[in-house]
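Descriptive structure summary
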Amino acid sequence: MKSYAKINLSLDVVSKREDGYHNIASIMQRIDIYDEMEIEKSEKFNFDSDMELPEENTVTKAYRVLTEYMERDLPVSVKLHKNIPTGAGLAGGSANAATLFEEINRIYDLNLSTDDLRKLGVKVGADVPFMIGGETALCEGIGDLITDLDINFSKLKALIINPGFEISSKEVYSQMNIRDERIDFKSLEMSLKNGNLTEISKYLRNDMENVVFKKYKEVENIKEELLKHTQSALMSGSGSTVYGLFDNEDDLKKAYDKFKKLYKNTYMVNLI
């Protein structure tokens, strides 16, 4: 099954919480880059990945959270083939956790609702609730307050550029300064619905860029170069991926050809 990535169509870091986390607001959008997962019933839980991962990872953590909630073992065999770059702001690990939740819920007939699974998902990671059933949504709180949005992205495609190195979200959050001005998400939503890149560009903002660009100049350079091809470019999440939105296939292809020569993790994607 396909475990899809996401990008952030603006990310507002609203405040720091007493528990050390941050309240955010972000429109998250699923894209058609995906990891591949095979999940089937077995006699005991087994997880195999073609990429070396820590013993405690989002998949093993999701399995533990779900079995503790259900108060019983739900043994499955999991095979993961990674395509989504890691530490990239694309929520690949969160997508894998979400897929595990959804598939175990299905094959064991647990009858847990999307809301039930999203409440469990936040115990694994802030992006996991959206990745459970999410397509386009305004995510608030620590990512656990989700308002699904109805936006047709038939006019737009995206170019994804990942420079090939990881950035720690925890490190970026630790250096954040909270801005006073909030992002106008209502206007952003309307501009996304209209597919007008000029309007969209007015409301695209990622508060993590300032922190990341200071330490990782290459990420800033990618965005600056991408802005020569589209009005609408932004870093996704805490980086290191940068994306651009396009409404013209020729412009998209020209930008793809340029960046693909420089970065192997360059993709033309649909917003789905």
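Residues numbered from 1 in each chain as written. Predicted model: local features only at pLDDT ≥ 70, side-chain atom pairs only at ≥ 80, totals over all residues. Heavy atoms only, no water.

- As recorded by an unreviewed UniProt entry, the chain carries the name 4-diphosphocytidyl-2-C-methyl-D-erythritol kinase and is attributed to Peptoniphilus asaccharolyticus DSM 20463.
- Reading the Sequence similarities (unreviewed entry) entry of the UniProt record for the chain gives the comment "Belongs to the GHMP kinase family. IspE subfamily." (UniProt positions renumbered as here; feature names shortened; annotations may be inferred.)

**Side note on the side chain of Asn96**
- Relative to the elements of secondary structure, Asn96 occurs in helix α2 (residues 92-107).
- When residues no more than four places from it in sequence are discounted, the contact partners of Asn96 are Ser3, Asp35, Met37, Thr58, Val59, Leu80 and Lys82. (Helix = DSSP H or I, 4+ residues; strand = E, 2+ residues; numbered from the N terminus. Contact = heavy atoms within 4.5 Å.)

**Considerations on the domain arrangement of the chain**
- Domain boundaries assigned for the chain yield domain 1 (2-148) and domain 2 (157-270).
- Here the C-alpha centre of domain 2 lies 23 Å away from the C-alpha centre of domain 1.
- Every contact between the two is made by 28 residues of domain 1 and, on the other side, 34 residues of domain 2.
- Regarding the contact of domain 1 and domain 2, the summed buried area is about 2,300 Å², with carbon and sulfur atoms giving 61% of it.
- At the junction of domain 1 and domain 2, the tally comes to two salt bridges.
- The closest approach of N and O atoms between Arg205 and Asp12, which form a salt bridge, is 3.4 Å.
- Joining domain 1 to domain 2, the criterion identifies 19 residue pairs in polar contact (both at pLDDT 80 or more). (Domains from an automatic or database assignment. Buried area = accessible area lost by both parts, 1.4 Å probe. Salt bridge = Lys/Arg side-chain N within 4 Å of Asp/Glu carboxyl O. Polar contact = N/O pair within 3.5 Å; in protein donor to acceptor, adjacent residues only side chain to side chain.)

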